[in-house]
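Here is what each chain is made of, one letter per residue.
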Amino acid sequence: MSQHVINIESRKKSLHYFFEKVVGPLGFKFTPDKEMMNFLLAQEVILEGRHGIPFCPCQPLRNDRARDMQIVCPCIPFHRKHFDDIKRCWCGLFVHKDVFDPDKLPQLPPKEVNNE
Amino acid sequence: MSERFIRAISAGEIAPGGMKAVELDGNEIIICNCDGKFYAVQRRCGHMNAPLELGTLDGIYLTCPMHCAQFDITDGEALSGPVPSDIGHEILPPFLGKYLQNIEMLMKHVRTESIRTYTTKLEAGWVQIRL
């Protein structure tokens, strides 16, 4: 990866701008929990600095390009069925547009909703 | 050296969201129309000198066409470095594989720098740039 000193706050702002355009039409929005949103975006900026790509901060990288590409944020299109059941994405950066208190959402593993 | 405004292009030459490259007094510059507000930045990418007007402008964010480094056109700040590419499982001829390895090794040492910005003003339908 090329050397580049990233200003975390500036990059967070631009990722927010780009992600919002993608997740809106998919029926999602940023979590209303601003502290969590800022924390998760900052982690993505750090991952982008390390790997060149803003991977989901809650998923492990497997050194398998095809699988790793499925956890590039926003990874909603790849895991849509599970996210629709739990009304949020795995790390919680995005929630369904009708969610106002993400803490009240149930945490259902993919097996339990039987669709992945 | 005294700074002066130079008439660059007519404001109607760039639609909102568009960019145009110009050369003014030996300076390669691109002018961006961000919803009617004009910004001017250096034409060459802060990573590997690719011509940025061939990239994409989305709001105030400019993406390089070569390795997708991104910049904020309001202050020229480099927001991200190059995005790594991957050829998947394709088996390359040995000479090509070695060549790409060499390029990759060299690129590890290339820094992504912020790009220079220029002050603009709109006067009588013309975009002027301070050099």
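Note that the structure is a prediction, hence the values are computed from the model and not measured.

1. Side note on the nonpolar core
Thinking step 1. Judged by nonpolar contacts, the single largest core of 23 residues is most densely connected at Ile 30, Ile 31, Cys 32, Ala 40 and Phe 71 of chain B.
Thinking step 2. Secondary structure elements with two or more residues in this core: strand E3 (27–34), strand E4 (37–42), strand E8 (78–80) and strand E11 (126–130) of chain B.
Thinking step 3. A per-element tally of this core places E3 of chain B first, with 4 residues.
Thinking step 4. Non-local contacts of Phe 71 of chain B, meaning those with residues more than four positions away in its chain, are made with Gly 46, Leu 62, Gly 76, Glu 77, Ala 78, Leu 79 and Ile 115 of chain B.
Thinking step 5. Counting residues in each nonpolar core, the second largest holds 18 residues, with Leu 41, Val 45, Ile 71 and Phe 94 of chain A among its members.

2. Considering the interface of chain B and chain A
Thinking step 1. Every contact between the two is made by 20 residues of chain B and, on the other side, 14 residues of chain A.
Thinking step 2. Listed by contribution, the elements that provide at least two residues to the side of chain B that touches chain A are strand E7 (70–72) and E8 of chain B.
Thinking step 3. Ranked by the residues each element gives to the side of chain B that touches chain A, the list is headed by E8 of chain B, at 3 residues.
Thinking step 4. Broken down by class, the residue content of the side of chain B that touches chain A amounts to 8 nonpolar, 7 polar and 5 charged.

3. Here's the deal with the environment of Gln 43 of chain A
Thinking step 1. Examined against the element boundaries, Gln 43 of chain A turns out to sit in helix H2 (residues 34–51).
Thinking step 2. For the pair Gln 43 of chain A and Phe 18 of chain A, spaced 25 residues apart in sequence, the C-alpha separation works out to 16 Å.

4. Points about the pairing of strand E2 (residues 19–24) of chain B
Both faces of the sheet carry side chains from a regular strand, because those side chains alternate between them.
All names here are of chain B.
Thinking step 1. With 6 bridges connecting them, E2 and E3 associate as antiparallel partners. The residue bridging Ala 21 from the neighbouring strand is Ile 30, located in E3.
Thinking step 2. Counted along the chain from E2 to the antiparallel partner E3, the turn is 2 residues long, and its residue Asp 25 has a positive phi close to 50°.

Cut-off values and rules
- Along each chain, the written sequence defines residue order, and numbers are assigned to residues from 1.
- Chains and ligands are labelled sequentially in the order written, the chains with letters from A and the ligands with numbers from 1.
- Thresholds applied to this predicted model are a pLDDT of at least 70 for local features of residues and 80 or more for the giving and counting of side-chain atom pairs; totals over whole chains, interfaces and linings are not thresholded and use all residues.
- Any set of buried Ala, Val, Leu, Ile, Met, Phe, Trp, Tyr and Cys residues joined through C-beta atoms within 7 Å is what this text calls a nonpolar core.
- Three exposure classes are used. Buried residues have 20 or more other C-beta atoms within 10 Å of their own C-beta, exposed residues have 12 or fewer, and partly exposed residues fall in between, all C-beta atoms being placed from the backbone.
- Counting from the N terminus, the helices are the DSSP runs of H or I reaching at least four residues and the strands are the DSSP runs of E reaching at least two.
- We call two residues in contact when their backbone-placed C-beta atoms lie within 7 Å.
- Each residue gets one of three labels, nonpolar for Ala, Val, Leu, Ile, Met, Phe, Trp, Tyr, Cys and Pro, charged for Asp, Glu, Lys and Arg, and polar for the others, Gly among them.
- Two strands pair if DSSP finds at least two bridges between them.

Function-wise, these values are silent; they only describe arrangement.
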